[in-house]
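Fold and contact review
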Amino acid sequence: MALWRRTRGRVELARMWEVERVSGQKHHAWPLYTRERTEAFLNALLADEGLSLADMSAVWGTPGLPGAQPVTVPAGAEKFPVHSLSHLFSGLLMDTALFKNETIVGLAVDGAPDTVLDNRSPQYWYAGCLSQQGRLSFAPVASPGPLYTAASTKFGLEPGSLMALASATGTAFAFDIAAAVGSLRLRGGRETPWKTAFELVETLLKEAEEQLGSHRMDSAFSREENIRSAVMKHIQRACDLIAVDNVEQLRKLGQVRTEDAYLAMGGGFALNCPTNTLLLDRFKFRGLLTPPCANDSGQALGLGLLGLYGSGAFDGADLRIDSPYQGMPLRDVDAALAEFAPWIADVSDFAADRFVADVTDNVLAWVDGPAEIGPRALGARSLLGDPRTSKVKDLLNHYKQRQWWRPVAPIVLAEHSGDWFAQDRPSPFMLEAVRVRDDAAERVPAIVHLDGTARHQTVTAAANPLLHQAIDAFRERTGVPILCNTSLNDKGEPNVNTAAEALTFCINKGLGLLYLAGRRVELRREPVPATPPPTGPRQRAVGFFAGQEADRDAMWQQWLDQGYTETAIFLLSWSPDIRRSCGTSTPDMVNKLADYYLTSDENFAALAASFRRDGGPGSCFIKAADQLPKPVIVE
């Protein structure tokens, strides 16, 4: 949910909420099944801003809410889903001065759109655009996203883990991936990309098994990890080829020089750091316009920008989104310190020298100001560590219960970035994977991935003054203007939002230091007086979402009573055309079509099963205690 403030001559993003951080459900997908619950939830969030839904002059993206208005689709973009256009505009309009005066090549590339706001099934799923001084030309593009979706489904790993695993080993096998890419159909629409994406992953997996056989592999990894790494090398290469071809096609729409243009990307695949860097380096774009919430967590951002654009808000006003710190502010610091008083040994004001001593050869938590938006820690809700020893990387991965080979990102002072990394471009949202300079890599082994790159974030004094001061003090003492930076969350938990959630994490993990809203909080190993420790991650605002099973089951039963199968219900959720035909098409016709997709498309079957498992009868919002991640205490 994004809150916008529009005044004469100015538009600003006032606040952005990511539902997973509020609810505690990782990759939150649990609906609000009634209008009453929806309004209660939104009004509770708005109340912290001194507002309510009644104060809104426009609401986009959720039909049925008070003040809801349709999203105006730009002329020429009618063949694309609103979902894809939202991703596209989340990049195009990050800086309206650039949009009005410069050339931008825009791509919306994700796994698949929703079709909630569409009246007809889109002809294409993924929107590309060439913007020349605000004049828009649209064209369909292919998305590499379904390839990662297929691999993630097949291997049971997050896309970020697969991205890291691709370059983690030297294990490889021969395959003509360029020829394979030429036969892929990844534009979506009536020909869905799921089948072709799954088939390529299956083919690569079979080839890897056959060619590698008893081949000697990287002994630091399991055989399964070696095989997956080899497959993901080709998947990543395929993604790169698709992305390059997209840019070439869009460039030709206006015969533009990419050296004179900016690249705008939205959608989950825009978080793929290696591809982003490849495109910037190959085409020499002037800069990257991609929000930190490029994935579906940023749909509200894109819908707001699309709605504001369609309403003419930018005709006489400008907007620039150049900070990731638009999330929920810390409102519970004093209350959390009081609640966890038995665990707190000392609270003092921030002191740069003390911070340097604390972080040297160590890990600490850093929580300050409004949360960053998007899935990556950007110095507002972070674990920070000394990059000069690999021990710290291992410690960070242990705290977060991650595989040892997962990379740890660096946060670097922007003014010193070029001395340590091969590229000196601003990277405020951690969206590139750049090579660490050879003469620097041995000094910061904790942040160097196994292929010699790092997914770095550059930070300026203007964007985050206190964190910049802390890192600069570390630089003055050590000569290194870099700290390790990873998200402050437990396995299976979203990034923390509040002071209480941060203290819960630290106590569960035995982490001794938390820098909280400009204060140094030192924690005891044992509470005084004796107090039971937290049991797992802190429960968040579950009350808005729990207890909806009866409403949900009644909705399911209405469709089942009409004769639809559960797979057909999933198909209806995907297809506006089939939904519109419900008056003329019988349930039996829809059931047969769903059965056809079910038997012919493995990804459709997987998505239908996920739809049923996560939102069908029998599913619950709150997991049982034995399903929650257990605390891991580091001695």
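Reading guide: rules and limits
- Residues numbered from 1 in each chain as written.
- Predicted model: local features only at pLDDT ≥ 70, side-chain atom pairs only at ≥ 80, totals over all residues.
- Heavy atoms only, no water.
- Phe/Tyr/Trp six-rings, centres within 6.5 Å; stacked < 30°, edge-to-face > 60°.
- Helix = DSSP H or I, 4+ residues; strand = E, 2+ residues; numbered from the N terminus.
- Buried < 20%, exposed > 50% of the residue type's maximum accessible area, 1.4 Å probe, protein only.
- Pairing = 2+ DSSP bridges.
- Axes fitted to C-alpha atoms, helices over the stretch in contact; angles between N-to-C directions.
- Contact = heavy atoms within 4.5 Å.
- Parallel < 35°, antiparallel > 145°, perpendicular 65-115°, else oblique.
- Left-handed = near helix turned anticlockwise from the far one by under 90°.
- Nonpolar A, V, L, I, M, F, W, Y, C, P; charged D, E, K, R; others polar.

1. A few points about the packing of aromatic side chains
- Under the defined criterion, the tally for this structure stands at 29 aromatic pairs.
- Each ring, one from Trp194 and one from Trp574, has its centre 5.1 Å from the other, and the planes form 80°; the classification is edge-to-face. Remark: Trp574 occurs in helix H20 (residues 566-574) and Trp194 occurs in helix H8 (residues 194-212); sequence separation between them is 380 residues.
- Its relative accessible area of 6% is what places Trp194 among the buried residues.
- Between Phe355 and Trp366, the ring centres sit 5.6 Å apart and the planes meet at 80°, which makes this aromatic pair edge-to-face.

2. Here we look at the pairing of strand E18 (residues 513-516)
- Side-chain alternation along E18 places Leu513 and Tyr515 on one buried face and Leu514 and Leu516 on a second face that is also buried.
- Where strand E11 (residues 363-367) lies against E18, three bridges are found, and the strand directions are parallel. Looking at E18, one finds that Ala365 is bridged to Leu514.
- The hairpin turn running from E18 into strand E19 (residues 519-523), its antiparallel successor, is two residues long, and Ala517 in that turn takes a positive phi close to 50°.

3. Quick look at unusual backbone geometry
- Of note, the amide linkage connecting Val528 to Pro529 takes the cis form, showing an omega dihedral of 0°.
- Mapped onto the secondary structure, Pro529 falls in the loop between E19 and helix H19 (549-561).
- Here His27, not a glycine, exhibits a phi torsion of approximately 55°, which is positive.
- With respect to the helices, strands and loops of the structure, His27 is situated in the loop between helix H1 (19-23) and helix H2 (35-47).

4. Structural notes on the sheet that holds E19
- Taken in spatial order, the eight strands of this open sheet run E10-E19-E18-E11-E12-E17-E13-E16, and their pairing is mixed. Pairing within the sheet leaves two strands with one partner each, and these edge strands are strand E10 (344-349) and strand E16 (457-459). Averaged over all pairs of adjacent strands, the angle between strand axes in this sheet comes to 30°, irrespective of strand direction.
- In this fold helix H14 (residues 390-399) packs onto E11, strand E12 (381-385) and strand E17 (482-487), with an angle of close to 60° to the strand it touches most, E11.

5. Some remarks on the packing of helix H5 (residues 145-155) against helix H9 (residues 223-254)
- For the pair H5 and H9, the least separation of the axes is 10 Å and the interaxial angle reads 165°. By the angle between their directions, the pair H5 and H9 is classed as roughly antiparallel. The handedness of the crossing between H5 and H9 is left-handed. Between H5 and H9, the contacting residues are Leu147, Tyr148, Ala151 and Phe155 on the first element and Arg228, Val231, Met232, Ile235, Gln236, Ala238, Cys239 and Ile242 on the second.
- Class assignment of the residues belonging to the contact of H5 with H9 gives a composition of ten nonpolar, one polar and one charged.

6. A short note on the sheet that holds strand E8 (residues 261-266)
- Spatially, E7-E6-E5-E8-E9 is the arrangement adopted by the five strands of the open sheet, whose pairing is mixed. Of all the strands in the sheet, just strand E7 (135-140) and strand E9 (288-289) have a single pairing partner and so form its edges.
- Summarising the sheet, E8 and E9 pair through two bridges and their orientation is parallel. Looking across to E9, one finds that Ala264 is bridged to Leu289.

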